[in-house]
Amino acid sequence: MTPWHFFITHRAEILDATLDHLGLVMISMFIAIAIAVPLGMFIVQRPALRTFSLGAASVFQTIPSLALFGFLIPIPFIGGIGRRTAIVALVLYALLPILRNTHVGLTSIDPAVLEAAEAMGMTNTQILTRVRLPLALGIILAGIRTATVLTIGIATIAAAIGAGGLGIFIFRGVAMVSDAVILAGAIPAALLAILADLFLALVERRLRIL
Amino acid sequence: MSHIPDSQMHYDRPRGTAERAIVQTNNHSSVPEPIIRFEDVTYSVKGRPTPLVTQLSMSVNSSETLVLLGRSGSGKTTLLRLINRMLIPSQGRVLVEGRATSEWDPIRLRRHIGYVIQDAGLFPHFTVAENVGLIPKLEHWDAARIKSRTDELLSLVGLEPAEFAQRRPAQLSGGQRQRVGVARALGADPSILLMDEPFGALDPVTRAELQHEFSELARRLGKTIVFVTHDLREALMLATRIVLLQAGRIVASSAPQEFLQIDQPEVQAFTASLHTVPGVSA
């Protein structure tokens, strides 16, 4: 069976898996952004917490993804078989690029600008929302873009713990020793990653101020 | 203006200010009123054996342009930052309009004091007009008033509003950026202006141009200005009084006309710097 033939005959199933995959990634990214961006803002003035949280986020990155999915299964509440566990793992992977870029973006601002802002009588909140965040936006978005592409790739492994997505074809194809089936998962995943990258690059360019 | 107990009076004040202060508490008439006053101020930071400012007392009178002159590390910038409560004295106190900076709400105090720094520190993501109108906006002025204030200030510093208001800082020359910096500091019409080597990073021709224009402007506005520089020429041009600092202490304080005659080694070191061009003598 050629890959093309498999694509045609299983197109509904592939489309379903692609949408599942996209859903998994979007939910994970949404949660990761909701955690990492505020955390990045919070640690700007707190060196001890900064070292700890950037360190912790880096540790998650070093755990092989298949192992992390495995580790999470026995953990109560967040673990088990299925989407929820997969989302937890994907969030953990996505944290570091977003957190690190948020931190770099917020702290790499021209000191003269920050000095002027403080001396003019802006409050810390005003400095954050009107100076630091707008100036850091481009770098934060770049982190979100990296994390999204990364997550689309790692989400294929989520199928191993029953979370669905395009990984289903990849694992099935490996088991069947069928390139056609593997490609039915790998090609849409790669396309998703490329499209997400292009789309976010576009957003980044639109929103980048300088 | 609050009464200063005699116990806090210091004898190493610049000439005349102690007497003036006593007169002031009894008599509110013609004597210039100190708007900023350092009382025996020491400022030290952890990990440094010597304080950045040591038991320093001085007053700045309303509408004068006081130039703090000194080499790098003499404590000039520290004094500025003590005035707008970017720093708080380790000992002693700094009074602004009769109230210790530690008792001022820092935000209120700073909005009351314009601040200009060497690289201007303009917000790169704001237009020129947004930079100049920022404090008025934070003070909830209405849009029409901000617009007219911004135009007025841009004209004041020699920038045609129609041409410059919508530009971003990156589209300006160094001299133009510094003009915007001055306009921004004047945004909410502060009575005090602090300037930290504002013309230091400019090329000599632009610098001379801005110094000249600024001395005119300062005279016209009648604001109290504290101006930091290490350039004696600039100090002589702008000051109504020069205070020379060395290692966090005042070593000389005088009107610019008399400054060159002061017979002190540190003053003479600065005076000598005026004559360093070969073949040129003053």
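Reading the values: rules and limits
Residues numbered from 1 in each chain as written. Chains lettered and ligands numbered in written order. Predicted model: local features only at pLDDT ≥ 70, side-chain atom pairs only at ≥ 80, totals over all residues. Helix = DSSP H or I, 4+ residues; strand = E, 2+ residues; numbered from the N terminus. Buried ≥ 20, exposed ≤ 12 C-beta atoms within 10 Å, placed from the backbone. Contact = placed C-beta atoms within 7 Å. Axes fitted to C-alpha atoms, helices over the stretch in contact; angles between N-to-C directions. Parallel < 35°, antiparallel > 145°, perpendicular 65-115°, else oblique. pLDDT = per-residue confidence, 0-100. Nonpolar A, V, L, I, M, F, W, Y, C, P; charged D, E, K, R; others polar. Expected span 1.5 Å × (residues − 1). Pairing = 2+ DSSP bridges.

Q: How should the overall build of chain B be read in this particular structure?
A: When its secondary structure is counted, chain B shows 12 helices and 10 strands. Going through the 282 residues of chain B one by one, you find that 41% of them count as buried. Within chain B, contacts between residues separated by at least 24 positions form 67% of all contacts whose residues are at least 6 apart in sequence.

Q: Got a minute to help me understand the packing of helix α7 (residues 124-154) of chain A against helix α9 (residues 179-207) of chain A in this structure?
A: Any two packed helices are characterised by the angle at which their axes cross and by the distance between the axes. Residues and elements named next belong to chain A. Relative orientation of the contacting elements α7 and α9 amounts to 175 degrees, with a least axis distance of 9 Å. The angle between α7 and α9 places the two elements in the roughly antiparallel class. Contact residues: α7 offers Leu137, Gly138, Leu141, Ala142, Ile144, Arg145, Thr148, Val149, Ile152 and Gly153, while α9 offers Ala189, Leu192, Ala193, Ala196, Asp197, Leu200, Ala201, Val203, Glu204 and Leu207.

Q: Looking at this model, I keep getting lost on the confidence of the model for chain A. Mind explaining?
A: With 98% of its residues at a pLDDT of 70 or more, chain A shows a mean pLDDT of 91. Element-level mean pLDDT values for chain A span from 86 in helix α4 (residues 65-72) of chain A up to 95 in helix α2 (residues 11-42) of chain A.

Q: It is not clear to me how the interface of chain B and chain A should be interpreted in this structure. Could you clarify?
A: A common way to express how large an interface is: the accessible area buried when the components associate. Taken together, the contacts link 15 residues of chain B with 16 residues of chain A. Going through the elements one at a time, α3 (106-111) and α5 (134-138) of chain B are the ones with two or more residues in the side of chain B that touches chain A. Among the residues making up the side of chain B that touches chain A, the classes are represented as nine nonpolar, three polar and three charged.

Q: Can you walk me through α9(A) in this structure?
A: Within an α-helix, residues lying three or four positions from one another point in the same direction, as the helix has 3.6 residues per turn. Residues and elements named next belong to chain A. Spanning 29 residues, α9 covers 41 Å between terminal C-alpha atoms, matching the ideal 42 Å at 1.5 Å per step. When α9 is considered as a whole, its buried residues turn out to be Val181, Ala184, Gly185, Pro188, Ala189 and Leu192. Each element contacted by the buried residues of α9 is listed here: α1 (3-9), α2, α7 and α8 (167-176).

Q: I would appreciate a short explanation of the sheet that holds strand β2 (residues 53-61) of chain B in the present structure.
A: Backbone-to-backbone hydrogen bonds pair the strands of a sheet. The strands run either parallel or antiparallel. All names here are of chain B. The four strands are arranged β2-β1-β4-β5 in an open sheet whose pairing can be described as antiparallel. The open sheet has two edge strands with one neighbour each: β2 and β5 (99-100). Against the sheet, helix α2 (residues 76-83) contacts β1 (34-43), β2 and β4 (91-96), and its axis sits at roughly 120 degrees relative to β1.

Q: Explanation requested: the environment of Arg50(A) in the structure shown.
A: All names here are of chain A. Following the sequence through the fold, arginine 50 ends up in helix α3 (residues 47-62). When the C-alpha atoms of arginine 50 and glycine 40 are compared, they prove to be 8.1 Å apart, with 10 residues separating the residues in sequence. Among residues more than four places away in sequence, those in contact with arginine 50 are Ile43 and His103.

Q: Is there a simple way to think about the sheet that holds strand β8 (residues 224-229) of chain B in this case?
A: Residues and elements named next belong to chain B. With respect to topology, six strands assemble into an open sheet ordered β6-β7-β8-β3-β9-β10, the strand pairing being mixed. Either end of the sheet is taken by a strand with one partner, and the two such strands are β6 (113-116) and β10 (249-254). Ignoring strand direction, the axes of neighbouring strands in this sheet form an average angle of 15 degrees. Along the sheet face, α2 touches β3 (65-69), β6, β7 (192-196), β8 and β9 (241-246) and points at about 150 degrees away from the line of β8.

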